[in-house]
Every structure is written in structure tokens, then in C-alpha cells.
Amino acid sequence: MPGLRELQTTFSENLFDENASSVQTSIYAGDFNTGQRMQIYRNNIITSFTDALRAVYPVVERLVGHGFFLYAANDYIINFPSTEGNLHNYGHRFPSFLKSFEAAQELEYLPDVALLEWHYHEVYHEQDSAPLNFHALSMVDPEQYDSLRFELSPSCRLMQSAYPILEIWRVNQDTYAGEQNVDLRSGGIKVLILRDSRKEIALHPLGAADYQMLSEISQRRRLNDCLNAALAVDGKFELNEFLQQYVTNMTLVDFDLG
Amino acid sequence: MRNGENNLPAQPVSARAGIGLRSPHYQDLLQCKPDVGFIEVHSENYFGRGGLQHTYLEQVRCDYPLSFHGVGLSLGSTDPLNVKHVERLGRLVEFYQPDFVSEHLSWGSVKGRFLNDLLPLPYTEEAVQHLAERISMLQDYLQRPIMVENVSCYLEFKHSYLKEWEFVSAVADQANCDILLDVNNIYVNAHNHDFNGEDFLRGISGNRVKEIHLAGHTAKEYQQGAIIIDTHDNRVDKSVWALYQQAIQMYGPKPTLIEWDTNLPELQVLIEEADIAQNIMLEIESARVA
């Protein structure tokens, strides 16, 4: 009789490999065969992981169709195990998986669309934050501006793509009823995925300088360094306008003078 | 969700029928405020640090007694208890102060790989000891008693020498924890493994049962007959209602939860199911008084 450790190890092996059936010698068959019994668990597990992926990646599913999605999900589930009991964190490597998934190679934009959906999913569950303290900011001595470091909200993500992923995302929402075709050559995009004060998530297209500025801030660079990087992208970049906009919409939620 | 403790008034769960809350029903529930006994949620759905689901749950916590039901801790696994998971649960419990906290008598991970399912254990002394130790660790960490739930099974191990109800009772006794008795799971296992559901009920001490679960199931047909799968995707079967009636007759009224996870209907359907459970408890109580 196998100990608990051995039983669980061989049970798990048989879930992902029908031929690794040593656990079945420990299973009482009754009116059914032991393979049929294991198959019930195999089905349940594949279904619940697939449902978890479908919940995070609805646009990917629409783009590739239900059948193809199941096929891709099955491959992913077998090769990329879950590492925790919280199913909401499952699927973070699906975008990079799609990049190397042979059968999806023609859909070059698919991994970026998937990454946009993963960011959206993460932002939904992220920590809440209070608005930046404008008064405290106005009290900072101008001589200290050089050492200011802003902090991005935990509930925002930045990404860029060589494809019009925002448009692809938009026309594949359930609530959208217009033209479905997107011109893939219409160019890339930079996006801010942001949960607002009402905890609703919006996808904001970003100009190159704003994107640069926010990327520098996300790396905790000093204000002056961020500003120089943004000005290198666009000489007309306006810091005041930028601060006004991104403090108000709660992308910037804190600062320090480190 | 903010850090640390909340000063929330106690909202004890009483022996009434409640419903499991899933995200599509948040707004309906908070708008209609149906008269149900308590609300149960899956703890893991709130492991994220913030966002809309916490806003909703904080409102729910004000209006209803709350029960946290875990599905992912893998109590029966031979891997070490997942510290991150336990800590996350601890912070949630500290913040929301739910009246009930529960988990399952199953395993779901081995060698770091999580199957995120409620997998069966052999009914042996080794498994009893192992579960009891881990439940004790969890109760010590959370500084409160927890309930453990019997699960549906589609296979049995040859080396199980305890009856399932003996196994459940032994774990509860050794860990000194409470039992969340899933009557649908008893019915499913009684059918799948050919025992009498009443024997299960009789084998459990009613004092340990702090909550009962009810849900819909689905029969999967094979050439050799049917295996019943615990699908949580439809109304409670009439045979399960009959077994529930016997449970209430034996144990007296207990907080009873309607669970529904897939093919979620309108909130109203869950409320109707809860009303059926509530009426069964009322009828049995009034017959007893009369």
C-alpha cells in the first residue's frame, strides 16, 4: 500500500499522462474501470484551468475561436503548471506561450493582445491607493525638485505594441457592434491600463513623451532624469500639463525626496 | 481593502439558509438586499489586494453575516502548507472578521504543482493524522476554529479501511475542528460508492456540524451505469432535499448554504433554493414544538 506522498505523486503523474498509470493499481474499480475514474478528474481539472484562462483572455478566445482556444489552453495547461492554490494568478505566461505556439504563428499580434488582457486582469485585483497629496507636493522646496521621485499607482500598467492592439481589443468587446475589421498596418500603440477612483479600468492610448515619462517614473528615476528622457522624445513636452493630468487621473499616487 | 483590522460589529451566522455569492450577483444582491441568513464567498476570490470585489464585499459584510470558504489551501497535500496562502487568508480573516472560515478534506498539490481541484484522500490513519496536524496549524495561526468539508469522490482507494464518515469524524476529533457537512457530496458519494447516505449522517456528531452545504449535481452516463458529478450547476436534486431533511431531523436546524458555481442563474433562483431549505428547517422545528 502506497504512502500518502507516493499516492499523490503517482495520481498527479497520471492526470497529465494517461500512460503513467501506476496509481491505478491503488484504485478500486467497482463497476467502472480505473482509467474511467481518473478521466473524470482529468476532465474536471482541464476544464477548471481552461475556464480560468477563458475568464482572463476573452478577446484572445474571440480572435482564435473557441475550438482553437481549447487546443492552445490544453497545451498550456500541461506544460505550464499552476504553482499556487489561488486560481486567479494562473495564466501569466500565456502571452509568451502564444508567442512560441507553433499553430498561432500567423497571428503575430496575438501575444500582445494577450499581454494587454493579462495586465487588465492584474490591475483589476491590485491594491487600492489614495490620491497624491497635492498640498504636500506644493510645499516641496523648488531647490529639491531634482531629487523628487514620483510613484505610479499599483493599479496601472504600461505597455507598447507594434500592432493596433487597443483597436483590436475595442472591436472585440461584447458591447461593441460596429465594424470588426482592423487594419493591422495602421501602426503600433502605447497604452496605459489604469483603474480609476471608481475602480473601473480604462485603456488610455499614450503619446510617445508621456509613455517615456511614465516608464522612467515606473523605474523610480529622479524627476529631472525622467524629464530629460521625455524631452529627448518630444522637445515640447510640458511637465506641468503632464503632472496635472496624471495626478488627477491617479496614475501618480505618491512621491518622495529620496 | 485597507491594511490591518477593521472595527466591524459582530454578525454571527444563525441557523438559517444563506447563499454563495459570485461576482455576477454583487450588484443585484446589494440593490435588493434579499432576506437570506448569511453570505458565503470563496476566500481565494479576495486574495487580490484591492479593487471592486473588495468594495462590494465590504458592503456585504455590513449587511450580512459572512462565511469564508477556501478551495485552494490543499490541506491534505504532503507538500508543506503554502505559507503565502495561509498568510493571505490570515489577513483577509483579520480584515473582514467573518463568523465562519472553512476548507476541504482533500488535497490539490504535490511537488509544487497545483491541480486546483479537491482530490480524494485514502481513508487511513496516516491521512487522518496528516490532516489533523495541518488543520491544527491553521487554527493556531488564525487563532480561531475552522470547519472542514467532506468532498465528492469519483474513486476510492483500495487501502482505505475507514468509512468516509469515520474518517471525517476522526479528523474533526483529532484536530478539534468543526464540520461543514455537504449533504450533496454525501448523496453523490453514497451513489458512486454504494453506501447509505443515512449511515453517513448517523456517523457524524451533530454538535460538530456548524454548517451544511447543498448544491446541484449531474449524472454522467456510462455503459455500466452512472457516476454522479458534483457540478454545482443546477438546482438541488429532490433526493438531496430528502437527505437534507433527515440531516435536520437528526441535528436540528443548521446554517445551510446554497452553492452554485457554473451556469449561474439569476440571483432570485438561489434565493428560491435557500427558501426551500429555510422552510424545511421551519417545518421540522414546528413539528418538534407541536
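Residue numbers here run from 1 along each chain, matching the order of that chain's written sequence. All chains are assigned letters beginning at A, and all ligands numbers beginning at 1, according to the order in which they are written. Selection of residues for local features in this predicted model requires a pLDDT of at least 70, selection of side-chain atom pairs for listing and counting requires 80 or more, and totals for whole chains, interfaces and linings are taken over all residues. With hydrogens and water excluded, all non-hydrogen atoms of the structure serve as input to the side-chain values.

Chemist: Explanation requested: the overall build of chain B in the structure shown.
Modeler: A count of helices and strands for chain B gives 9 helices and 13 strands. Each radius of gyration is computed over the set of C-alpha atoms, and the globule rule expresses the reference value as 2.2 Å times the number of residues to the power 0.38. For 290 residues, the compact-globule estimate of 2.2 N^0.38 gives 19 Å, and the C-alpha radius of gyration of chain B, at 18 Å, lies within 12% of that figure. With a 1.4 Å probe rolled over the protein chains alone, any residue whose accessible area is under 20% of its type maximum counts as buried; one over 50% counts as exposed, and the rest are partly exposed. Across the 290 residues in chain B, those meeting the buried criterion constitute 61%. Partitioning the contacts of chain B with sequence separation of at least 6, the portion at a separation of at least 24 is 79%. Accessible surface computed for chain B: about 11,200 Å², of which carbon and sulfur atoms make up 47%. Under the counting rule used here, the positive set is Lys and Arg, the negative set is Asp and Glu, and His together with the chain ends is not counted. Charge positions are represented by NZ for Lys, CZ for Arg, CG for Asp and CD for Glu. If you average the places of the 23 positive and of the 40 negative side-chain charges in chain B, the two averages end up 4 Å apart. Under the DSSP-based scheme used, a helix requires at least four consecutive residues in state H or I and a strand at least two consecutive residues in state E, with every element numbered from the N terminus. Here a residue-residue contact requires only that any non-hydrogen atoms of the pair lie within 4.5 Å. The accessible surface values rely on the Shrake-Rupley method and a 1.4 Å probe; as for residues, cover is taken only from the protein chains in view.

Chemist: Whenever I open this one, empty space enclosed by the protein confuses me. Can you help?
Modeler: In this approach, a probe sized like a water molecule rolls over the atoms, and the result shows the empty space that is left. For each structure, a 1 Å grid was placed over the protein atoms alone; sets of points admitting a 1.4 Å probe that cannot get out are labelled cavities, open sets with protein on both sides within 12 Å along at least five of seven lines are labelled pockets, and lining residues have an atom within 4 Å of a point. Grid points are joined across faces, edges and corners, and a volume is the space filled by probe spheres set on the points. In the structure shown here, the tally under the stated rule is 3 cavities of 30 Å³ or more. Approximately 70 Å³ is the volume attributed to the largest cavity. Together, A:Gly85, B:Val71, B:Gly72, B:Leu73, B:Ser74, B:Glu103, B:Ser106, B:Gly108, B:Phe114, B:Asn116, B:Asp117 and B:Leu118 line the largest cavity. When residues of the lining of the largest cavity are assigned to their parent elements, the largest contribution, 4 residues, is made by strand S6 (residues 113-119) of chain B. Charged residues are taken to be Asp, Glu, Lys and Arg, nonpolar residues to be Ala, Val, Leu, Ile, Met, Phe, Trp, Tyr, Cys and Pro, and polar residues to be all remaining types, Gly included. The class makeup of the residues in the lining of the largest cavity is 4 nonpolar, 6 polar and 2 charged. Taken as a whole, the second largest cavity spans an internal volume of roughly 50 Å³.

Chemist: Before we go on, may I ask you to explain the packing of aromatic side chains in this structure?
Modeler: Side-chain rings of Phe, Tyr and Trp, where Trp is taken by its six-membered ring, are said to pair if the distance between their centres is within 6.5 Å; with planes under 30 degrees apart they count as stacked, over 60 as edge-to-face, and otherwise as tilted. For the structure on display, the rule yields 32 aromatic pairs over all chains. Look at B:Phe68 and B:Tyr96: their rings are 5.8 Å apart centre to centre, the planes differ by 80°, and that puts the pair in the edge-to-face class. Of this pair, B:Phe68 sits in strand S3 (residues 66-69) while B:Tyr96 sits in helix H3 (residues 83-96), and the two are 28 residues apart along the sequence. An identical accessibility class is assigned to B:Phe68 and B:Tyr96; each is buried. Three or more aromatic residues joined by ring pairs make a cluster, and in this case those are A:Phe49, A:Tyr57, A:Phe68, A:Phe69, A:Tyr71, A:Tyr76, A:Phe80, A:Tyr90, A:Phe94, A:Phe97, A:Phe101 and A:Trp118. Whether a charge lies above a ring is judged from NZ of Lys or CZ of Arg, which has to be within 6 Å of the ring centre and within 35 degrees of the ring normal. Positioned above the aromatic ring of A:Tyr211 is the side chain of A:Lys190, whose terminal nitrogen or guanidinium carbon lies 5.7 Å from the ring centre. A cation over a ring is seen here: B:Arg113 above A:Phe16, with NZ or CZ 3.7 Å from the ring centre.

Chemist: Help me understand the interface of chain A and chain B, please; the structure alone is not making it clear to me.
Modeler: When the parts of a complex come together, some accessible area is lost, and that lost area is often taken as the interface size. Facing the 46 residues of chain A at the interface are 52 residues of chain B. The term buried area refers to how much accessible surface (probe radius 1.4 Å) is lost by two components on association, counted for both of them together. Of the roughly 4,400 Å² buried where chain A meets chain B, counting both sides, 57% is carbon and sulfur surface. Of all residues in chain A, A:Leu4, A:Gln8 and A:Tyr41 bury the most surface against chain B, accounting for 16% of the area lost on that side. Here a salt bridge means any side-chain nitrogen of Lys or Arg lying within 4 Å of a carboxyl oxygen belonging to Asp or Glu. The partner of B:Asp79 in a salt bridge is A:Arg5, with the nearest N and O atoms 2.7 Å apart. Under the rule applied, a polar contact is a pair of N or O atoms within 3.5 Å (in protein, one hydrogen donor and one hydrogen acceptor; residues adjacent in sequence only if both atoms are side-chain atoms). For the interface between chain A and chain B, the tally reads 25 residue pairs in polar contact (both at pLDDT 80 or more). Elements represented by at least two residues in the side of chain A that touches chain B include exactly helix H1 (4-16), strand S1 (27-28), helix H2 (34-56), helix H4 (66-79) and helix H6 (110-125) of chain A.

Chemist: It is not clear to me how the layout of surface pockets should be interpreted in this structure. Could you clarify?
Modeler: Each pocket or cavity is described by its volume, and for the second largest pocket that value is around 500 Å³. In terms of lining, the second largest pocket is formed by 21 residues, of which the most central are A:Asn86, A:Asn89, B:Phe47, B:Gly48 and B:Arg49. Among the elements of the structure, H6 of chain A together with H3 of chain B are those that each provide at least two residues to the lining of the second largest pocket. For the lining of the second largest pocket, a count of residues per class yields 2 nonpolar, 10 polar and 9 charged.

Chemist: Please explain the pattern of salt bridges as it appears in this structure.
Modeler: Opposite charge on two side chains makes pairing possible when the charged atoms of those side chains draw close. Summed over all chains, the structure comprises 23 salt bridges over all chains. As a salt-bridge pair, A:Glu200 and A:Arg198 come within 3.6 Å of each other at their nearest N and O atoms. On the basis of relative accessibility, which here comes to 41%, the residue A:Glu200 falls in the partly exposed class. A:Arg198 sits in the exposed class, given a relative accessible area of 57%. A salt bridge links B:Glu285 to B:Arg288, with the nearest nitrogen and oxygen atoms 3.8 Å apart. Here B:Glu285 and its partner B:Arg288 are both found in helix H9 (residues 267-289), 3 residues apart, which amounts to about one turn of the helix. Shared partners join several salt bridges into a network, and the residues in it are A:Glu122, A:Glu126 and A:Arg157.

Chemist: Explanation requested: the environment of B:Glu211 in the structure shown.
Modeler: All names here are of chain B. Mapped onto the fold, Glu211 is located in strand S10 (residues 209-215). For the pair Glu211 and Lys254, spaced 43 residues apart in the sequence, the C-alpha separation amounts to 5.7 Å. Not counting chain neighbours up to four residues away, the residues in contact with Glu211 comprise Phe38, Glu40, Ser67, Phe100, Met147, Ile179, Leu180, Leu181, Pro255 and Leu257. At a separation of 3.1 Å, a polar atom in the side chain of Glu211 contacts the side chain of His213.

Chemist: Would you mind showing me how to read the sheet that holds S3(B) here?
Modeler: Remark on secondary structure: sheet strands pair via backbone hydrogen bonds, oriented parallel or antiparallel. All names here are of chain B. Here, strands pair whenever DSSP counts at least two bridges between them. With respect to topology, 8 strands assemble into a closed barrel ordered S1-S2-S3-S4-S7-S9-S10-S13, the strand pairing being parallel. In this sheet, neighbouring strand axes are inclined to one another by 25° on average, regardless of whether the strands run parallel or antiparallel. In the sheet, strand S1 (residues 17-20) pairs with strand S2 (residues 39-42) via 2 bridges, with the strands oriented parallel. What sits directly across from Gly20, in S2, is Glu40. Its contacts with the sheet put helix H6 (residues 183-193) on strand S7 (147-149), strand S9 (178-182) and S10, and the angle it makes with S9 is roughly 60°. All axes are obtained by fitting lines to C-alpha atoms, using only the stretch in contact for helices, and the reported angles, taken between N-to-C directions, cover 0 to 180 degrees.

Chemist: Help me understand the pairing of S1(B), please; the structure alone is not making it clear to me.
Modeler: Working note: regular strand, side chains alternate between the two faces of the sheet. Residue and element names in this part refer to chain B. When S1 meets strand S13 (residues 256-259), the two strands line up parallel, connected through 3 bridges. Residue Ala17 lies in a different strand from S13, and its bridge partner there is Thr256. With the strands pointing away from the viewer, any crossover whose connection runs clockwise from the first strand over the helix to the second is right-handed. Once you follow S1 into helix H1 (residues 26-32) and on to S2, the crossover reads as right-handed.

Chemist: I keep staring at the packing of helix H2 (residues 52-63) of chain B against H3(B) and nothing clicks. Help me out?
Modeler: To describe two helices that pack against each other, one gives the angle between their axes and the distance between the axes. Residue and element names in this part refer to chain B. The geometry of H2 relative to H3 is characterised by a closest axis approach of 11 Å and an angle of 45° between their N-to-C directions. Classified by the angle their axes make, H2 and H3 are oblique. Contacts from His54, Leu57, Glu58 and Arg61 of H2 reach H3 at Leu92, Phe95 and Tyr96. Its residues assigned to classes, the contact of H2 with H3 shows 4 nonpolar, 1 polar and 2 charged. Orientation labels follow simple angle bins: below 35 degrees gives roughly parallel, above 145 gives roughly antiparallel, 65 to 115 gives roughly perpendicular, and whatever is left gives oblique.

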